[in-house]
Amino acid sequence: MNKVTLSDDLNSYNTKALIRTKVKEVFSEFSAKVFELANEAGTIDSKKFETLSGFKSDFYNEYCNQLKAFFDTSTNTFGKRSVKNMYLTYNGENYVLTQQGITEKAPVTISLFTGEIPLKETLHDVEKACLKLRFQQE
């Protein structure tokens, strides 16, 4: 499998708005890179993303925010759990995205998941999300 490369100029994006726009623009590439790193490391968080990719952790955090927003259809915030799991599939592998806490700045990890998906949970297809976003942008 070829290594995924992201544009070298990414670290020149230094405002939240620019980072948000760039992540949305190259969402598919970010997906490929984040899940490649999760495969290599087993679990990835913002610090590990920065260390392994050489890009600012702000990109990882923004990617996770956009990923969660894309799949999180619940409007009910009453009684939120302090740890939120979201089950994802990408390129034939299953992952679990875990948010430690309910604030936007709470740490988020993405880990390979080999167990059985709990019955009440949905397995979200990241590749389909990438395609949908691409068609929306054209």
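A brief structural summary. (Residues numbered from 1 in each chain as written. Predicted model: local features only at pLDDT ≥ 70, side-chain atom pairs only at ≥ 80, totals over all residues. Heavy atoms only, no water.)

Brief notes about the pairing of strand E4 (residues 108–112)
Inference 1: By the criterion of burial, E4 is predominantly enclosed, with four of the five residues buried.
Inference 2: Pairing of strand E1 (residues 43–44) with E4, which is carried by two bridges, proceeds in the antiparallel orientation. The residue bridging Thr43 from the neighbouring strand is Ser111, located in E4. (Buried < 20%, exposed > 50% of the residue type's maximum accessible area, 1.4 Å probe, protein only. Helix = DSSP H or I, 4+ residues; strand = E, 2+ residues; numbered from the N terminus. Pairing = 2+ DSSP bridges.)

Some thoughts on the side chain of Lys22
Inference 1: Inspection of the secondary structure assignment puts Lys22 in helix H1 (residues 16–25).
Inference 2: Overall, the relative accessible area of 12% leaves Lys22 in the buried class.
Inference 3: Once residues within four sequence positions are removed from consideration, Lys22 is found in contact with Leu10 and Tyr13. (Contact = heavy atoms within 4.5 Å.)

Focus on H1
Inference 1: Considered for burial, the residues of H1 that qualify are Ile19, Lys22 and Val23. All buried residues of H1 project into a common sector of 100° when viewed along the axis, lining one side. (Arc of directions from axis to C-beta.)

Some points on the packing of helix H2 (residues 27–41) against helix H4 (residues 57–71)
Inference 1: At a minimum axis distance of 11 Å, the contact between H2 and H4 shows a crossing angle of 110°. The orientation of H2 relative to H4 falls into the category roughly perpendicular. Within the contact between the two elements, H2 uses Phe27, Phe30, Ser31, Val34 and Phe35 and H4 uses Phe59, Tyr60, Tyr63, Gln66 and Leu67.
Inference 2: When its residues are assigned to classes, the contact of H2 with H4 shows eight nonpolar, two polar and no charged. (Axes fitted to C-alpha atoms, helices over the stretch in contact; angles between N-to-C directions. Parallel < 35°, antiparallel > 145°, perpendicular 65-115°, else oblique. Nonpolar A, V, L, I, M, F, W, Y, C, P; charged D, E, K, R; others polar.)

Notes on unusual backbone geometry
Inference 1: Unusually for a residue other than glycine, Asn91 sits at a positive phi of about 55°.
Inference 2: Inspection of the secondary structure puts Asn91 in the loop between strand E2 (83–90) and strand E3 (93–100).
Inference 3: Classification of Asn91 by relative accessible area gives partly exposed; the value is 48%.

Structural notes on the layout of surface pockets
Inference 1: Reported here for the second largest pocket is a volume of approximately 370 Å³.
Inference 2: Surrounding the second largest pocket, 20 residues form its lining, Asp58, Asn61, Glu62, Asn65 and Lys105 being those nearest its centre.
Inference 3: Only H1, helix H3 (46–53), H4 and E4 provide two or more residues apiece to the lining of the second largest pocket.
Inference 4: Residue composition of the lining of the second largest pocket, by class: six nonpolar, six polar and eight charged. (1 Å grid on protein atoms, 1.4 Å probe; cavity = no way out; pocket = protein on both sides within 12 Å on 5 of 7 lines; lining within 4 Å. Points joined across faces, edges and corners; volume = space filled by probe spheres on them.)

Considerations on the packing of H4 against helix H5 (residues 126–137)
Inference 1: Where H4 contacts H5, the axes come no closer than 11 Å and their chain directions differ by 90°. Here H5 runs roughly perpendicular to H4, going by the angle between their axes. Facing Tyr63, Leu67, Phe70 and Phe71 of H4, the residues of H5 in contact are Val126, Ala129, Lys132 and Leu133.
Inference 2: Of the residues that constitute the contact of H4 with H5, the class distribution is seven nonpolar, no polar and one charged.

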